[in-house]
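# Chain and residue survey
What follows is each chain in one-letter form.
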Amino acid sequence: MQLSRRQWMAAAGAGLAAWSLPGLAQSPPFPSRPVRIVPFGTAGGPIDTLARVYGDKLASRWGQPAVVEPRPGASGILAADLVAKATPDGHTVLMTLPLTHVNAAILQPKLPYDPVKDFTPLSMLATGGPMLVARADAPYSNVREFVEHAKKQPRGMTYGTWGTGSTAHLFCELLRRQTGTNLIHAAYKSESSAHNDLFGGVLDFAWANPSSARNHTQGGKMKVLGITGTSRVSTMPQVPTFKEQGFQGFDIDSWIGVYGPARLPDPVVQAWVTALREITQMPDIQARLTGYGFEPLGNTPAQFVERYRADYPRMVELIKAAGVTAD
């Protein structure tokens, strides 16, 4: 169901309170069998790759295999729904972006899950916003040059994202409205599919998460025109933010978070929170996240809830400003 801002924030607080209650019965040892990580997106995508990195660390720590099982489609909703309906014993978790829990809660009137009540927030691993990108041979190198070029295209310019209502889609619709350009959206099942069409000339430009943007830039296939969010990233310090280039409303950071189903026993929650925090603090994981263009975080469930409660009203305003509705 679609929640109002007040209902959503109240539910988020209630969800955290429910998580905080101690279990009524003693839980069996955890994990007692392989754990399953369901990532946002397709196999080989940025979140899938990161899930496998964390999965290797979890397997070494817990002595149980960590199986990464992508469930692509419907802008991450299929993956989130699978975890929402999983047995609440901690052996299945979701690694995702805000699209499944913040954006979808605002845009989708009939989600198959409740984005607050059906999940246990475990940790926000890292932050980093989507980036506006083009082919390396594009005749523009920053957002201002891109806008000037787009204004001269009578048929408009096409772009791809990883889903209707994704933060990348919202940002581009906001850019379209602010500049009066004709920017035509195409929703793909995965970021990589959109990039393949970008490189093949089907799309004029696209959006990318920090990890894929950095990889394709280093490979000489892509250039980054601007970075959304509050600050530049250390791995691409030469690329200015949208705000630095004179565009307002693009300073919302995205994030990567891990959720379990609702009603997880407290010892299981603690096991996941401790493991995720300590893995995120490992030097090689920090280097990996930073190399991908993300800022490592690894916070607690309470901090996770505080963050997405703060994100919700800002996302409402962004969706309103972008004029986006669910397809």
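Each chain has its residues counted from 1, running along the sequence as written. With the structure being a predicted model, the display of local features is reserved for residues of pLDDT at least 70 and the display and counting of side-chain atom pairs for 80 or more, all residues being used for whole-chain, interface and lining totals. Processing note: side-chain calculations cover all non-hydrogen atoms of the structure and skip hydrogens and water entirely.

Criterion for a salt bridge: a side-chain nitrogen of Lys or Arg within 4 Å of a carboxyl oxygen of Asp or Glu. All chains considered together, the criterion is met by 12 salt bridges. Of the charged contacts in the structure, one is a salt bridge between aspartate 89 and arginine 33, with a shortest N-O distance of 2.7 Å. Separated by 56 residues along the polypeptide, aspartate 89 in the loop between helix H3 (77-84) and strand E3 (92-96) and arginine 33 in the loop between helix H1 (5-20) and strand E1 (35-39) bring together distant segments of the chain. Buried means the residue's accessible area, taken with a 1.4 Å probe over protein chains only, is under 20% of the maximum for its type, while exposed means over 50%, and partly exposed covers the values in between. Among the residues examined, arginine 33 registers a relative accessible area of 39% and is labelled partly exposed. Numbering of helices and strands runs from the N terminus, with a helix taken as a DSSP run of H or I at least four residues long and a strand as a DSSP run of E at least two residues long.

Okay, the pairing of strand E10 (residues 255-261) next. Among the seven residues of E10, seven are classified as buried, and the element is accordingly described as predominantly covered. If DSSP finds at least two bridges between two strands, the strands pair. Inspection of the sheet shows E3 paired to E10 by three bridges, in the antiparallel sense. Looking across to E10, one finds that leucine 94 is bridged to tyrosine 259. Strand direction decides the pairing type here: strand E4 (residues 119-127) and E10, joined by seven bridges, are antiparallel. Paired with serine 123 across the bridge in E10 is valine 258.

What follows concerns the nonpolar core. Counting residues in each nonpolar core, the largest one holds 87 residues, and the members touching the most others are Met95, Phe146, Leu175, Trp207 and Trp272. Ranked by the residues each element gives to this core, the list is headed by helix H11 (residues 301-322), at eight residues. Those residues in contact with tryptophan 272, other than ones at most four positions away along the chain, are Phe30, Val35, Leu58, Trp62, Gly90, Val93 and Leu122. Leu198, Ala206, Ala208 and Ile227 belong to the second largest nonpolar core, which has 12 residues in total. Note on terminology: a nonpolar core comprises buried Ala, Val, Leu, Ile, Met, Phe, Trp, Tyr and Cys residues joined through side-chain atoms within 4.5 Å. The contact criterion used is simple: two residues touch if any of their non-hydrogen atoms lie within 4.5 Å.

The next thing to look at is the packing of helix H2 (residues 46-62) against helix H10 (residues 283-292). Here an angle of 0 to 180 degrees is reported between the N-to-C directions of two axes, which are lines fitted to C-alpha atoms, with helices fitted over the stretch in contact. Interhelical geometry of H2 versus H10 gives an angle of 180° and a closest axis separation of 12 Å. Taken together, the axis directions place H2 and H10 in an arrangement best described as roughly antiparallel. On H10, the residues touching Thr49, Leu50, Val53, Tyr54 and Lys57 of H2 are Asp284, Ile285, Arg288, Leu289 and Tyr292. Only Asp, Glu, Lys and Arg are considered charged in this grouping, and only Ala, Val, Leu, Ile, Met, Phe, Trp, Tyr, Cys and Pro are considered nonpolar; every other residue, Gly among them, is considered polar. Across the contact of H2 with H10, the residue classes break down as six nonpolar, one polar and three charged. These descriptions rest on fixed angle ranges, namely under 35 degrees for roughly parallel, over 145 for roughly antiparallel, 65 to 115 for roughly perpendicular, and the rest for oblique.

To continue, consider the domain arrangement of the chain. Segment limits for the domains were obtained from an automatic or database-derived domain assignment. Splitting the chain by domain gives domain 1 (35-128 + 253-322) and domain 2 (131-245). A separation of 25 Å is found between the C-alpha centroids of domain 1 and domain 2. Counting residues at the interface gives 22 residues for domain 1, matched by 26 residues for domain 2. Interface area, domain 1 with domain 2, both sides summed: about 2,000 Å², of which 60% is carbon and sulfur. Put simply, the parts of the chain that give the side of domain 1 that touches domain 2 at least two residues each are helix H4 (103-107), H10 and H11. Element by element, the count of residues in the side of domain 1 that touches domain 2 is highest for H11, at six residues. For the side of domain 1 that touches domain 2, the residue count by class is 12 nonpolar, seven polar and three charged. Once two parts are put together, the accessible area they lose, assessed with a 1.4 Å probe and summed over both, is termed the buried area.

Turning our attention to H2. For H2, which comprises 17 residues, the first-to-last C-alpha distance of 24 Å matches the rise-based estimate of 24 Å (1.5 Å per residue) to within 8%. Taken residue by residue, H2 has Pro46, Ile47, Asp48, Leu50, Ala51, Val53, Tyr54, Gly55, Leu58 and Trp62 as its buried positions. One or two residues past the end of H2 sits glycine 63, with phi positive at roughly 70°. The span one expects for a helix is its residue count, reduced by one, times 1.5 Å.

Counting through the fold element by element, leucine 125 comes out in strand E4. Here leucine 125 falls in the buried class, since its relative accessible area comes to 0%. Along the backbone, leucine 125 and serine 212 are 87 residues apart, and their C-alpha atoms lie at a distance of 18 Å. Filtering out sequence-adjacent residues up to four positions away, leucine 125 remains in contact with Tyr54, Met95, Ile256, Gly257, Val258, Leu276, Thr280, Leu289, Glu295, Pro296, Leu297 and Gly298.

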